[in-house]
Protein chains: 4
Amino acid sequence: MTDWLVIRDMNAPLPTRPQPRWTRRKDARPEEIAAAALDLFVEHGYAGTRLEDVAARAGVSKGTLYLYFAGKEELFKAVVREGLVSPLTEFRSTVLEQYKGSAFDLLRILFYGWWERIGSTRISGIPKLIIAEAHNFPEITRFYIDEVVVPGQAMLESIVARGVASGEFRRVSPRETGTLLIAPLLLLALWRNSLGHYEPGAIDARRFIDAHLEMLRNALAGTPARVHKVS
Amino acid sequence: MTDWLVIRDMNAPLPTRPQPRWTRRKDARPEEIAAAALDLFVEHGYAGTRLEDVAARAGVSKGTLYLYFAGKEELFKAVVREGLVSPLTEFRSTVLEQYKGSAFDLLRILFYGWWERIGSTRISGIPKLIIAEAHNFPEITRFYIDEVVVPGQAMLESIVARGVASGEFRRVSPRETGTLLIAPLLLLALWRNSLGHYEPGAIDARRFIDAHLEMLRNALAGTPARVHKVS
Amino acid sequence: MTDWLVIRDMNAPLPTRPQPRWTRRKDARPEEIAAAALDLFVEHGYAGTRLEDVAARAGVSKGTLYLYFAGKEELFKAVVREGLVSPLTEFRSTVLEQYKGSAFDLLRILFYGWWERIGSTRISGIPKLIIAEAHNFPEITRFYIDEVVVPGQAMLESIVARGVASGEFRRVSPRETGTLLIAPLLLLALWRNSLGHYEPGAIDARRFIDAHLEMLRNALAGTPARVHKVS
Amino acid sequence: MTDWLVIRDMNAPLPTRPQPRWTRRKDARPEEIAAAALDLFVEHGYAGTRLEDVAARAGVSKGTLYLYFAGKEELFKAVVREGLVSPLTEFRSTVLEQYKGSAFDLLRILFYGWWERIGSTRISGIPKLIIAEAHNFPEITRFYIDEVVVPGQAMLESIVARGVASGEFRRVSPRETGTLLIAPLLLLALWRNSLGHYEPGAIDARRFIDAHLEMLRNALAGTPARVHKVS
DNA sequence: TATGAATGAGTATTCATTCAT
DNA sequence: GATGAATGAATACTCATTCAT
């Protein structure tokens, strides 16, 4: 009566199942991925960078990227943020707080420190990245403006204003002068990360910064004329 | 002096690699994994189900799946097999063997028992799964046909044939009639596992089965005319 | 004085540019793509269908798909909608409007017409698709319920109600009975698009529909009237 | 009778293949294409710019692009070349040849002329483009260095050298000083084509250039001579 | 000459599977 | 046994390029 429902053996030989197709390579660390990504983003731009190349340079697989970053865009943002925040923090604590002496001395410390901590490192590629991708990443650009441009400009203006107030500097507009102070450094950073590869000796960073400082010393110097008049 | 460069909180620092490489979570039991897998396979289909979700629902890790099942395909087969074999066995022993009385009474017992053991449980999702994946899993489909469809159909035909032979049923074709007996129940199972989620009150299972039985009673009834004539 | 800015010739020989890597194949028509997609979606489900295969079956390239459909999901929706709307419209105009005579005659016309226009065509794959993907495509499911299930059920209930009102049918519940009328046809459609491939001769559609109609004739027959006449 | 199956409006019928295969739209001129391309290249970078968008902005079809430019790369090169060569030629003939008077007057003419012919026009986007794509287009970079950077630098150095020789300028290094002269202008160009869109009022070009000139006047002034005269 | 539908190589992203811990 | 980070084949989707009209 009930043998309609006899259940026979499953004769189930799995036809095909491929053998292990990969081997573990290494323990991935997000820092290495971010460093590799920064290099390639700086070199080829956002769209021009292939995640496969990022993975290869970091020594991990493509899939590992997605373990730490939600996608290409998030990787880019993380890389830029990370490339900015940590150096800025370090810059502030190791350079700015060393200040002693005149406004001009502060500029010197600032410029040398910038070269040491930013200009001569891979971080100097970030500005190029921001400039190149500003239209494509409004959020990142906004962040850069708010966190770097605005406070940096404020700092420079403040130094100028102090120098002017104390008579150390000529009566100049802090606004435009602040920007003029940083322009050669920015150009240096951009140069080093783009055309500089084709003309390696074109700009000697140390001589360039020194020349800039020397120009500034004369450009900003409080009028010695009055001093002479008095004497 | 240095608060020009205050860096606001960053909501997205570089992700860090988690330290403890693993901790034992629970004692895994394959039954729980299979139950979770059945739910998700029924819900999203084979290809649409991610093993990660199965593991999460079962409360185990992805790796644990592979301790008990050779792979996704094997998990699927095991789930379907297990979802079929054990309920069928139980169905057979608890429902079919209760048979007493007329052919029509057997149908009633069968239908109510089916609802109790199959239709109202998660097992009712299996037919949907089979229908959806028939082309992708010939082996499983073959198994289902051999173990469920063919014996089930044979059983139904046998009941019809007995009813016809005894004069309880009208002279109908056992083949087509057997299939017609089960069609509404199958539809009910499919409905409950698909569209039913969107129109929960559309079908009242009890009333539906009863209406089906009542239809059958009239449709199959041996011609009372002759009986009256004789008496 | 001005020869700093002499512009030299661009000595620009383009190093590499590959030659034409493809040849035009044919004029694509979205109908062919949709037909190919319907076949494959019915066969392998949504996730199991590769757009590359759809393109190949339609005789076009992968890119051409995106010329007409925004993506896989949109293709799926378009295919289902198109598979429903146009046949339903035709069904309505060519079958339903032929109605003449009794309620039972209408059922016969309906069932035969359904088989002619839906059941025996590739459109019969749509229900399987809907059932399988209901959870993954709420929008499509909603559409199917609103446009097919609800009006179809209403139509069936209306036929039953008319038959009951005129005394042609026994006093049955239009709700459950309406669903019972369509159940075997739906099962037939599902069978033909799934398990039927493995057991081609298992169901003879014509005999099955005829048996269903014959069952209904007896099940619904308004016998009481005749009894009263006799007595 | 048949309004059970009313099918509501479908908002998405199968797309149809457009009938007229093409109609002439306009007389294309390569200048318009190049202008559109320059805008988009500056905005989104090389890889981020789609030729389809270039064509749309130029008001021509994609195919027309290829009538005038061999491909994306060639379009890019042509755009950069054209964006450089013609303005440089014009700049040379209309600005540089107006030279009269002192070295400092020449700087003023140079800067104002640069702003008039380059800085305030879309040509100012080229430097950003070069910086961003330097690694991807060695050939274009080489061209830019040879045709713009080197002669431009030579010109600046020559002006400085002349000023120093005549005693008008302090004894400064022509090399570094030449670069320092142009740095703020370049920064201005870059700013206007990237971050400037987010902070439109941040830099007032006229005031900025004037401030730069004023700084230079003081920085370069050959004061020692006068002192000697007085003494 | 101008068009834009058709093409397919290239790339971002997913997820089944492995294995060191 | 149990874990989950790492892997890379597979696949959806993009877009520079071609060519019949």
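Residues numbered from 1 in each chain as written. Chains lettered and ligands numbered in written order. Predicted model: local features only at pLDDT ≥ 70, side-chain atom pairs only at ≥ 80, totals over all residues. Heavy atoms only, no water.

**Student:** Help me understand the overall build of chain A in this model?
**Tutor:** Broken down by element type, chain A carries ten helices and zero strands. Tracing chain A from N to C terminus, the helices and strands come up as α-α-α-α-α-α-α-α-α-α. The proportion of buried residues among the 231 residues of chain A is 51%. (Helix = DSSP H or I, 4+ residues; strand = E, 2+ residues; numbered from the N terminus. Buried < 20%, exposed > 50% of the residue type's maximum accessible area, 1.4 Å probe, protein only.)

**Student:** Help me out: how do you make sense of the nonpolar core in this one?
**Tutor:** When a protein is soluble and globular, its nonpolar side chains tend to lie buried together. Judged by nonpolar contacts, the single largest core of 143 residues is most densely connected at Leu 107 of chain B together with Leu 107 of chain C. Counting residues in hydrophobic clusters, the runner-up holds 142 residues, among them Ala 134 and Ile 159 of chain A together with Val 172 and Leu 213 of chain D. (Core = buried A, V, L, I, M, F, W, Y, C linked by side-chain atoms within 4.5 Å.)

**Student:** Quick question: what am I supposed to make of the environment of Arg 122 of chain D here?
**Tutor:** Residues and elements named next belong to chain D. In this structure, Arg 122 sits in the loop between helix 5 (103-119) and helix 6 (125-133). Between the C-alpha atoms of Arg 122 and Ala 189, which are 67 residues apart in sequence, the distance is 9.6 Å. In this structure, Arg 122 is in contact with Ala 35, Leu 38 and Asp 39, ignoring residues within four places of it in sequence. Looking at Arg 122, its side chain comes within polar contact range of the side chain of Asp 39, at 2.8 Å. (Contact = heavy atoms within 4.5 Å. Polar contact = N/O pair within 3.5 Å; in protein donor to acceptor, adjacent residues only side chain to side chain.)

**Student:** Would you mind showing me how to read the pattern of salt bridges here?
**Tutor:** When their charged atoms lie close together, side chains carrying opposite charge are able to pair. Scanning all chains against the criterion turns up 56 salt bridges over all chains. Residue Arg 50 of chain A pairs with Asp 53 of chain A through a salt bridge whose shortest N-O separation is 3.4 Å. Under the relative-accessibility criterion, Arg 50 of chain A is labelled partly exposed at 48%. Classification of Asp 53 of chain A by relative accessible area gives partly exposed; the value is 32%. Ionic pairing is found between Glu 31 of chain C and Arg 29 of chain C, a salt bridge with its closest N-O pair at 4.0 Å. Note on Glu 31 of chain C: relative accessible area 39%, which makes it partly exposed. Bridged by salt links that share partners, the residues Glu 73, Glu 74, Lys 77 and Glu 139 of chain A form one connected network. (Salt bridge = Lys/Arg side-chain N within 4 Å of Asp/Glu carboxyl O.)

**Student:** Is there a simple way to think about the packing of helix 8 (residues 174-192) of chain B against helix 9 (residues 205-220) of chain B in this case?
**Tutor:** When two helices pack together, their arrangement is captured by the angle between the axes and the distance separating the axes. Residues and elements named next belong to chain B. In the contact formed by helix 8 and helix 9, the axes pass within 10 Å of each other and the chain directions differ by 165 degrees. As far as their axial angle goes, helix 9 and helix 8 are roughly antiparallel. As for how helix 8 packs across helix 9, the hand of that crossing is right-handed. Of the residues in helix 9, those touching helix 8 at Thr 177, Leu 180, Leu 181, Pro 184, Leu 185 and Leu 188 are Ala 205, Phe 208, Ile 209, His 212, Leu 216 and Leu 220. Its residues assigned to classes, the contact of helix 8 with helix 9 comprises ten nonpolar, two polar and no charged. (Axes fitted to C-alpha atoms, helices over the stretch in contact; angles between N-to-C directions. Parallel < 35°, antiparallel > 145°, perpendicular 65-115°, else oblique. Left-handed = near helix turned anticlockwise from the far one by under 90°. Nonpolar A, V, L, I, M, F, W, Y, C, P; charged D, E, K, R; others polar.)

**Student:** Just to check I follow, could you spell out the interface of chain C and chain B for this structure?
**Tutor:** Frequently, the measure chosen for interface size is the accessible area that the parts lose on association. Counting from both sides, the interface comprises 50 residues of chain C and, opposite them, 50 residues of chain B. Summing both sides of the interface, chain C and chain B together bury roughly 4300 Å²; the carbon and sulfur share of this comes to 71%. When the area that chain C buries against chain B is broken down by residue, the three leading residues are His 135, Tyr 198 and Met 215 of chain C, summing to 17%. There are four salt bridges connecting chain C and chain B. Between Arg 142 of chain B and Glu 199 of chain C there is a salt bridge, with the nearest N and O atoms lying 2.5 Å from each other. In this assembly, chain C and chain B are joined by 16 residue pairs in polar contact (both at pLDDT 80 or more). Listing elements by their share of the side of chain C that touches chain B, those giving two or more residues are helix 1 (30-44), helix 6 (125-133), helix 7 (138-165), helix 8 (174-192) and helix 9 (205-220) of chain C. (Buried area = accessible area lost by both parts, 1.4 Å probe.)

**Student:** What is the right way to read the relation of the copies chain D and chain A from this model?
**Tutor:** Two copies of a chain can be linked by a rotation about an axis combined with a shift along that same axis. When chain D is fitted to chain A, the best match, at an RMSD of 0.2 Å, comes from turning it 180 degrees and sliding it 0.0 Å along the axis. Put plainly, the chains are arranged around a two-fold axis. Taking C-alpha positions as the reference, the residue of chain D nearest the rotation axis is Ala 219 of chain D, at 2.0 Å. Both copies share a contact surface, since 100% of the interface residues of chain D are interface residues in chain A too. (Least-squares fit on C-alpha atoms with pLDDT ≥ 70 in both.)

**Student:** It is not clear to me how the packing of aromatic side chains should be interpreted in this structure. Could you clarify?
**Tutor:** Aromatic rings considered in pairs are described by the distance between their centres and by the relative angle of their planes. Throughout the structure, instances matching the rule amount to 24 aromatic pairs over all chains. Between Phe 41 of chain C and Phe 76 of chain C, the ring centres sit 5.0 Å apart and the planes meet at 85 degrees, which makes this aromatic pair edge-to-face. One end of the pair, Phe 41 of chain C, is in helix 1; the other, Phe 76 of chain C, is in helix 4 (residues 72-94), with 35 residues separating them in the sequence. For Phe 41 of chain C, a relative accessible area of 0% translates into the label buried. Judged by its relative accessible area of 1%, Phe 76 of chain C is buried. A ring pair is formed by Tyr 46 of chain C and Phe 76 of chain C, whose centres lie 5.2 Å apart and whose planes are at 75 degrees; its orientation type is edge-to-face. Placement of the pair is Tyr 46 of chain C in the loop between helix 1 and helix 2 (51-58) and Phe 76 of chain C in helix 4, with a sequence separation of 30 residues. A connected cluster of aromatic rings, assembled from ring pairs, spans Phe 41, Tyr 46, Phe 76 and Phe 137 of chain A. (Phe/Tyr/Trp six-rings, centres within 6.5 Å; stacked < 30°, edge-to-face > 60°.)

**Student:** Quick question: what am I supposed to make of the relation of the copies chain C and chain B here?
**Tutor:** Once chain C is rotated about the relating axis by 180 degrees and shifted along it by 0.0 Å, it coincides with chain B to within an RMSD of 0.2 Å. Comparing interface residues between copies, 100% of those in chain C also lie at the interface in chain B; the contact surface is shared.

**Student:** Help me understand the interface of chain D and chain A, please; the structure alone is not making it clear to me.
**Tutor:** Chain D puts 50 residues into the contact, and the matching count from chain A is 50 residues. Each partner contributes to the roughly 4300 Å² buried at the junction of chain D and chain A, and carbon and sulfur atoms together form 71% of this total. Counting the surface chain D buries against chain A, the share from its top three residues, His 135, Tyr 198 and Met 215 of chain D, is 17%. Applying the counting rule to chain D against chain A returns four salt bridges. When contributions to the side of chain D that touches chain A are tallied by element, the ones reaching two or more residues are helix 1 (30-44), helix 6, helix 7 (138-166), helix 8 (174-192) and helix 9 (205-220) of chain D. With eleven residues, the top contributor of residues to the side of chain D that touches chain A is helix 8 of chain D. Taken together, the residues of the side of chain D that touches chain A break down into 28 nonpolar, 14 polar and eight charged.

**Student:** Looking at this structure, how should I read the side chain of Ser 124 of chain D?
**Tutor:** All names here are of chain D. Among the structural elements, Ser 124 can be located in the loop between helix 5 and helix 6. Here Asn 193 takes part through its side chain, which lies 2.9 Å from a polar atom of the side chain of Ser 124. If we skip the residues at most four places from it in the chain, Ser 124 touches Ile 118, Gly 119, Ala 189 and Asn 193.

**Student:** What's the story with helix 6 of chain D in this structure? I'm lost.
**Tutor:** Quick reminder: α-helices carry 3.6 residues per turn. Residues three or four places apart thus point the same way. The buried fraction of helix 6 of chain D is high, at nine of nine residues. Taken as a whole, helix 6 of chain D has its buried residues at Gly 125, Ile 126, Pro 127, Lys 128, Leu 129, Ile 130, Ile 131, Ala 132 and Glu 133 of chain D. Packed against the buried residues of helix 6 of chain D are helix 6 (125-133) and helix 8 (174-192) of chain A together with helix 1, helix 4 (72-94), helix 7 and helix 8 of chain D.

**Student:** I keep staring at helix 9 (residues 205-220) of chain A and nothing clicks. Help me out?
**Tutor:** Look at helix 9 of chain A: 22 Å from first C-alpha to last across 16 residues, which is about the 22 Å you get at 1.5 Å a residue. Three or more residues of helix 9 of chain A are buried, namely Ala 205, Phe 208, Ile 209, Ala 211, His 212, Leu 213, Met 215, Leu 216, Asn 218, Ala 219 and Leu 220 of chain A. Contacts made by the buried residues of helix 9 of chain A are with helix 5 (103-119) and helix 8 of chain A together with helix 8 and helix 9 of chain D. The N-capping residue of helix 9 of chain A, defined by a side-chain oxygen 3.0 Å from the backbone nitrogen of Arg 206 of chain A, is Asp 204 of chain A. (Expected span 1.5 Å × (residues − 1).)

**Student:** What's the story with the packing of helix 5 of chain A against helix 9 of chain A in this structure? I'm lost.
**Tutor:** All names here are of chain A. The geometry of helix 5 relative to helix 9 is characterised by a closest axis approach of 11 Å and an angle of 160 degrees between their N-to-C directions. Relative to helix 9, the element helix 5 is oriented roughly antiparallel. Considering only the axes of helix 5 and helix 9, their crossing is right-handed. Between helix 5 and helix 9, the contacting residues are Phe 104, Leu 107, Arg 108, Phe 111, Tyr 112 and Trp 115 on the first element and Ala 205, Arg 206, Ile 209, Asp 210, His 212, Leu 213, Leu 216, Arg 217 and Leu 220 on the second. Residues that form the contact of helix 5 with helix 9 fall into these classes: ten nonpolar, one polar and four charged.

**Student:** For this particular structure, what's the right way to read the confidence of the model for chain A?
**Tutor:** Predicted coordinates in regions of low pLDDT should not be interpreted in detail. All names here are of chain A. This prediction gives chain A a mean pLDDT of 86; 84% of its residues lie at or above 70. Within chain A, no element has a lower average pLDDT than helix 10 (residues 224-230), which sits at 43, and none a higher one than helix 8, at 98. Ignoring residues within four places in sequence, the model shows residues 1-20, a span with pLDDT below 50, making 38 contacts including any to other chains. Counting contacts from residues 225-231, a segment whose pLDDT is below 50, to residues more than four positions away or on other chains yields zero contacts. (pLDDT = per-residue confidence, 0-100.)

**Student:** What am I meant to see in the side chain of Ser 194 of chain D here?
**Tutor:** With respect to the secondary-structure elements, Ser 194 of chain D resides in the loop between helix 8 and helix 9. With a relative accessible area of 1%, Ser 194 of chain D lands in the buried category. Here Ser 194 of chain D is in contact with Ile 131, Ala 134 and His 135 of chain A together with Lys 128 of chain D, once residues within four sequence places are set aside.

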